[in-house]
Amino acid sequence: MAFTIKNPPEFTLEIPQWDRDSLGDGIEMAKVPEALLNNEVYLKAIAERLEHVTLVTLPASGWTGDAAPFTQAVAVSGVVEGMEPMLVSALEDGASAAEQKAYIKAYGIICGGTAELGDGAATFKVYKKPASDITVGLKGV
């Protein structure tokens, strides 16, 4: 007997409870471990997504608007509306002191703004344009 793993994985609470009074129908009883296996695959996929960091580059020249808030829309693979990723630093290891200073300043501006997610895109809004390009991470996409 083979179990079917749904793609994309689905989670269900509709799992029949069997006891000694249940009829011993093997086909129906096989649905229980299949549902539990699909739940496990679903939870594993969610856990992996929550740990994954997607890098997003925001070029200094990409900000639009003549007054605050300035906006920039970028494509983000894997993002869907309703996700709530966490913004994380993507400062490269071994960056010079000047690179660190510029990054920290731009990162602070991005953190002080907002972002809206849509299917496959993110729109960042800031109240001051960063002077340099910046790559940030979205953890949980």
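The preceding data block contains the structure.
Residues numbered from 1 in each chain as written. Predicted model: local features only at pLDDT ≥ 70, side-chain atom pairs only at ≥ 80, totals over all residues. Heavy atoms only, no water.

Asks: Whenever I open this one, the packing of aromatic side chains confuses me. Can you help?
Replies: Centre-to-centre distance and the angle between the planes together describe a pair of aromatic rings. Tallied over the entire structure, the rule returns two aromatic pairs. On the numbers, 5.7 Å between centres and 45 degrees between planes, the contact of Phe11 with Tyr42 is tilted. In this pair, Phe11 is assigned in the segment before α1 (26-51) and Tyr42 in helix α1, connecting sequence segments 31 residues apart. Judged by its relative accessible area of 40%, Phe11 is partly exposed. For Tyr42, a relative accessible area of 28% translates into the label partly exposed. Ring plane angle 15 degrees and centroid distance 5.9 Å describe the contact between Tyr103 and Tyr107, whose orientation is recorded as stacked. Here Tyr107 and Tyr103 lie together in helix α2 (residues 97-111), a separation of four residues that amounts to about one turn. Judged by relative accessible area, Tyr107 falls into the buried class, the value being 18%. (Phe/Tyr/Trp six-rings, centres within 6.5 Å; stacked < 30°, edge-to-face > 60°. Helix = DSSP H or I, 4+ residues; strand = E, 2+ residues; numbered from the N terminus. Buried < 20%, exposed > 50% of the residue type's maximum accessible area, 1.4 Å probe, protein only.)

Asks: Can you help me understand the pairing of strand β1 (residues 53-58) in this one?
Replies: The two faces of a sheet get side chains in turn, since along a regular strand they alternate between them. Burial of β1 is one-sided: the residues Thr54, Val56 and Leu58 facing one way are buried, the residues Val53, Leu55 and Thr57 facing the other way are not. As paired strands, β1 and strand β6 (residues 134-139) are joined by six bridges and run antiparallel to one another. Paired with Val56 across the bridge in β6 is Val136. (Pairing = 2+ DSSP bridges.)

Asks: In this structure, what is going on with the pattern of salt bridges? I would like to understand it.
Replies: A side chain with one charge may pair with a side chain of the opposite charge, provided their charged atoms come close. Considering all chains together, one arrives at three salt bridges under this definition. Of the charged contacts in the structure, one is a salt bridge between Glu48 and Lys44, with a shortest N-O distance of 2.7 Å. Taken together, the positions of Glu48 and Lys44, both in helix α1 and four residues apart, correspond to about one turn of that helix. We classify Glu48 as partly exposed; its relative accessible area is 46%. For Glu51, the salt bridge identified is with Lys139, shortest N-O distance 3.8 Å. Residue Glu51 is found in helix α1, and its partner Lys139 is found in strand β6; the two are separated by 88 residues along the sequence. Accessibility expressed as a relative area gives 55% for Glu51, which makes it exposed. A residue is classified by how much of its surface remains accessible, and Lys139, at 25% relative accessible area, is partly exposed. (Salt bridge = Lys/Arg side-chain N within 4 Å of Asp/Glu carboxyl O.)

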